[in-house]
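One-letter residues, chain by chain:
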Amino acid sequence: EQDTKHMLVIGLHVADIANPCKPWMDCKRWTYMLMEEWFRQGDKERALGLDISPMMDRSKPNIPRGQIGFIGYIVRPLFEHWHTLFTETATCLTHLRKNEENWNEMQSDVDANNVRLQLDQAAAHSRHKNSVRDVDIKVSIQVQQQPLKLNKRSPVPFTPEQAEALHVEYPNIEMRQDDDDDDDDD
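Report follows, based on the coordinates. (Residues numbered from 1 in each chain as written. Predicted model: local features only at pLDDT ≥ 70, side-chain atom pairs only at ≥ 80, totals over all residues. Heavy atoms only, no water.)

### Quick notes on the nonpolar core
With 25 residues, the main nonpolar core has Tyr 32, Ile 63, Phe 79, Trp 103 and Val 115 as its most contacted residues. Broken down by secondary-structure element, the contributors of at least two residues to this core are helix H1 (2–16), helix H2 (24–47), helix H3 (63–85), helix H4 (90–106) and helix H5 (115–131). The biggest single contributor to this core is H3, with seven residues. (Core = buried A, V, L, I, M, F, W, Y, C linked by side-chain atoms within 4.5 Å. Buried < 20%, exposed > 50% of the residue type's maximum accessible area, 1.4 Å probe, protein only. Helix = DSSP H or I, 4+ residues; strand = E, 2+ residues; numbered from the N terminus.)

And the structure:
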């Protein structure tokens, strides 16, 4: 029961940071909506005479670099480990790799930090995408009815640092070892 609770908590965190794992235009649109929200918070902090929180200063944006760091240090490691448990997330990793490439390319785009322009372009793309009616979308989800069980030798999908950041504890479970390690007690 406790293992199931931990997996649900981790799953919630995975869903919360999954934006970079969406198709590019959706990823980009959600990123710029989030950045606009953050910049508004920074604007309020400035108006109150407070120090502006990191990444929230509209006058010093570097959105592509921020996304590259977010993907590299948080999203990719988490999703790679999550994928070891749920292989269905392979599509997420494919999008993630492509989106990281796209953010790298956007670093040289003079309009990359223009949130309003990027949101307008995303809205135009979304209107076009939603006007197409001849596309059939089929989603197949296979639900496993068995509860998740982690035993002492189960691979833990997260590093100790990630588990700590997610407030997850794995008592009596060993962290994943290299394949060539022996389990002998000699």
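Structure shown, so let's carry the discussion forward.
### Some remarks on H1
Helix length check: H1, at 15 residues, gives a terminal C-alpha distance of 21 Å against a target of 21 Å (1.5 Å per residue), a fit within 8%. Looking only at H1, the buried set comprises His 6, Met 7, Ile 10, Gly 11 and Val 14. Along the long axis of H1, the arc covered by the buried residues comes to 140 degrees, so they all point the same way. Pointing more than 90 degrees away from the buried face of H1 are the exposed residues Leu 8, Leu 12, Ala 15 and Asp 16. Tucked inside the fold, the buried residues of H1 contact H3. (Expected span 1.5 Å × (residues − 1). Arc of directions from axis to C-beta. Contact = heavy atoms within 4.5 Å.)

### Looking at the packing of aromatic side chains
Applying the stated criterion across every chain, the model contains three aromatic pairs. Judged by centre distance (5.0 Å) and plane angle (75 degrees), the rings of Trp 24 and Trp 103 are edge-to-face. One end of the pair, Trp 24, is in helix H2; the other, Trp 103, is in helix H4, with 79 residues separating them in the sequence. With respect to class, Trp 24 is no different from Trp 103; both count as buried. Here Tyr 32 and Trp 103 contribute two aromatic rings whose centre-to-centre distance is 5.9 Å and whose plane-to-plane angle is 45 degrees, an arrangement assigned as tilted. With Tyr 32 in helix H2 and Trp 103 in helix H4, this residue pair connects regions lying 71 residues apart in the sequence. (Phe/Tyr/Trp six-rings, centres within 6.5 Å; stacked < 30°, edge-to-face > 60°.)

### What about the environment of Val 115?
Relative to the helices and strands, Val 115 is located in helix H5. If we ignore the near neighbours within four places in the chain, the residues touching Val 115 are Tyr 32, Met 35, Glu 36, Phe 39 and Ile 63.

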